[in-house]
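Each chain, written out:
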Amino acid sequence: MNEGHRAWLESDGTTFWSRSSPSHVGSSVIALISSVYERDPRWARRIIRHRIHTTEPLGEASWGSVKVAARRVVFSCPPLKAFSGTSVELIPAASTADENLSEWVRTRVNGRRFSGADEIWSFLDQLVREAERVKPRIMALPVSAILLDAEGAVLSWGVNSAWDYRTQHSETNLIRRWHRQGSPGAPAALWVTRKPCKMCSGWIWDGLLMQVPIGIRYRDPDDGPLARTTVLDPGTFERRRADAAKMEAADASG
Ligand SMILES: [Zn+2]
């Protein structure tokens with residue numbers, strides 16, 4: 001992670017920019033896309049069409065987030081001194097739109113050890129129903145996810161809240177929550193009710209799998225264009241790109 005990286009886009013003479021953010025897998029591109037939506041979802045849909053520039057070598061999480069929630073990205077240097085006119089720094093929100101479920105989740109998972117697939121899927125379905133009951137307009141699709149350690153204790157969770165905020169899928173909310181809480185415990189398995197899309201697979205790759213090998217379990221397939229092939233699927237373009245980047249990083253470090 002490099003705190004010095006920047007991502008920006010220009011709209012109507014104003015440059016909107018973000019710096020890399022630890023809670024967003026260290027990516028300035030993701031910090032920018034997330035904060036654009038979190039600032040104003042309707043405005044976001046218009047300005048996110050502009051080309052995003054960044055000084056950052058793109059990881060899978062950034063590629064996936066551009067694919068799912070933005071349009072185009074280009075590597076560009078130098079950054080800030082090239083900005084002309086007005087510039088506005090955008091800072092992504094600390095919390096996600098599924099935050100109002102925290103208390104409901106806390107009372108149900110504190111001290112609990114999940115021991116089998118039936119129990120886990122049943123809990124994830126309850127979580128979706130509770131999200132629909134509490135705030136029906138946060139989910140574009142009903143999807144939920146939990147992160148467990150080897151004993152079945154819950155380390156993090158997330159619900160899809162992408163209705164307004166397109167980077168807030170259940171898995172990205174789960175990863176943001178886990179990093180925000182200081183990456184507690186030793187993750188062993190991530191369970192999600194639907195196949196992770198390209199963005200979430202990238203976040204899982206960069207934000208979890210690069211740190212610790214965990215199992216990924218999903219229940220419902222997703223054959224849509226944004227989920228059919230991802231970095232989590234062996235043999236895909238995305239996986240080859242990620243493996244090449246990993247080898248390059250290993251060569252560079254010695
Ligand atoms: Zn997703």
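Residues numbered from 1 in each chain as written. Predicted model: local features only at pLDDT ≥ 70, side-chain atom pairs only at ≥ 80, totals over all residues. Heavy atoms only, no water.

### A short note on the sheet that holds strand 7 (residues 154-159)
Then comes step 1: On the basis of which strands lie adjacent, the open sheet formed by 4 strands has the order 7-6-8-9 and mixed pairing. On the outer flanks of this sheet lie strand 7 and strand 9 (215-220), each paired with one strand and no other. Averaged over all adjacent pairs, the angle separating strand axes in this sheet is 15 degrees, with direction ignored.
Then comes step 2: Sheet analysis places strand 6 (residues 144-149) next to strand 7, joined by 5 bridges and oriented antiparallel. Paired with L147 across the bridge in strand 7 is S156.
Then comes step 3: On the sheet, helix 6 (residues 170-180) packs against strand 6, strand 7 and strand 8 (187-194) and is oriented at approximately 140 degrees with respect to strand 7. (Pairing = 2+ DSSP bridges. Helix = DSSP H or I, 4+ residues; strand = E, 2+ residues; numbered from the N terminus. Axes fitted to C-alpha atoms, helices over the stretch in contact; angles between N-to-C directions. Contact = heavy atoms within 4.5 Å.)

### Some remarks on the pattern of salt bridges
A side chain of one charge can pair with a side chain of the opposite charge if their charged atoms are brought near each other.
Then comes step 1: Under the definition given, this model contains 15 salt bridges.
Then comes step 2: Ionic pairing is found between K195 and D233, a salt bridge with its closest N-O pair at 2.9 Å. With K195 in the loop between strand 8 and helix 7 (198-209) and D233 in the loop between strand 9 and helix 8 (237-252), this residue pair connects regions lying 38 residues apart in the sequence.
Then comes step 3: Look at K195 and you get buried, because its relative accessible area is 9%.
Then comes step 4: Taking the shortest distance from any N to any O, the salt bridge between D220 and R219 comes out at 3.3 Å. (Salt bridge = Lys/Arg side-chain N within 4 Å of Asp/Glu carboxyl O. Buried < 20%, exposed > 50% of the residue type's maximum accessible area, 1.4 Å probe, protein only.)

### Regarding the packing of helix 4 (residues 102-109) against helix 5 (residues 117-134)
Then comes step 1: One can describe the packing of helix 4 onto helix 5 by two numbers: an axis separation of 11 Å at closest approach and a directional angle of 155 degrees. Comparing the axis directions of helix 4 and helix 5 gives the class roughly antiparallel. Seen from above, helix 4 lies across helix 5 with right-handed handedness. Seen from helix 4, the contacting residues are W104, V105, R108 and V109; seen from helix 5, they are F123, Q126, L127 and E130. (Parallel < 35°, antiparallel > 145°, perpendicular 65-115°, else oblique. Left-handed = near helix turned anticlockwise from the far one by under 90°.)

### Some words on the layout of surface pockets
Then comes step 1: The space that makes up the largest pocket amounts to roughly 740 Å³.
Then comes step 2: Forming the boundary of the largest pocket are 27 residues, of which P57, L58, G59, E60 and D206 lie nearest the centre.
Then comes step 3: Elements that contribute at least two residues to the lining of the largest pocket include exactly helix 3 (60-69), helix 7 and helix 8.
Then comes step 4: Tallying contributions element by element places helix 8 first for the lining of the largest pocket, with 5 residues. (1 Å grid on protein atoms, 1.4 Å probe; cavity = no way out; pocket = protein on both sides within 12 Å on 5 of 7 lines; lining within 4 Å. Points joined across faces, edges and corners; volume = space filled by probe spheres on them.)

### Comments concerning the side chain of S18
Then comes step 1: As for its placement among the helices and strands, S18 is situated in strand 2 (residues 14-19).
Then comes step 2: Engagement of the side chain of S18 in a polar contact is seen with the backbone oxygen of L90, the distance being 2.7 Å.
Then comes step 3: Other than its neighbours up to four places away in sequence, S18 contacts H5, R6, A7, S28, A31, L32, S35 and L90. (Polar contact = N/O pair within 3.5 Å; in protein donor to acceptor, adjacent residues only side chain to side chain.)

### As for the coordination of the zinc ion
Then comes step 1: Surrounding the zinc ion are the protein donor atoms H169 (ND1), C197 (SG) and C200 (SG), which sit 2.1 to 2.3 Å from the metal.
Then comes step 2: Mapped onto the sequence, the residues coordinating the zinc ion show the spacing H-x27-C-x2-C. Linking H169 in the loop between strand 7 and helix 6 with C197 in the loop between strand 8 and helix 7, this pair joins segments that are 28 residues apart in sequence.
Then comes step 3: Relative accessible area serves as the criterion here: at 18%, H169 is assigned to the buried category.
Then comes step 4: With relative accessibility at 9%, the residue C197 sits in the buried group. (Donors = N, O, S within 2.8 Å, 3.2 Å for Na, K, Ca; no water.)

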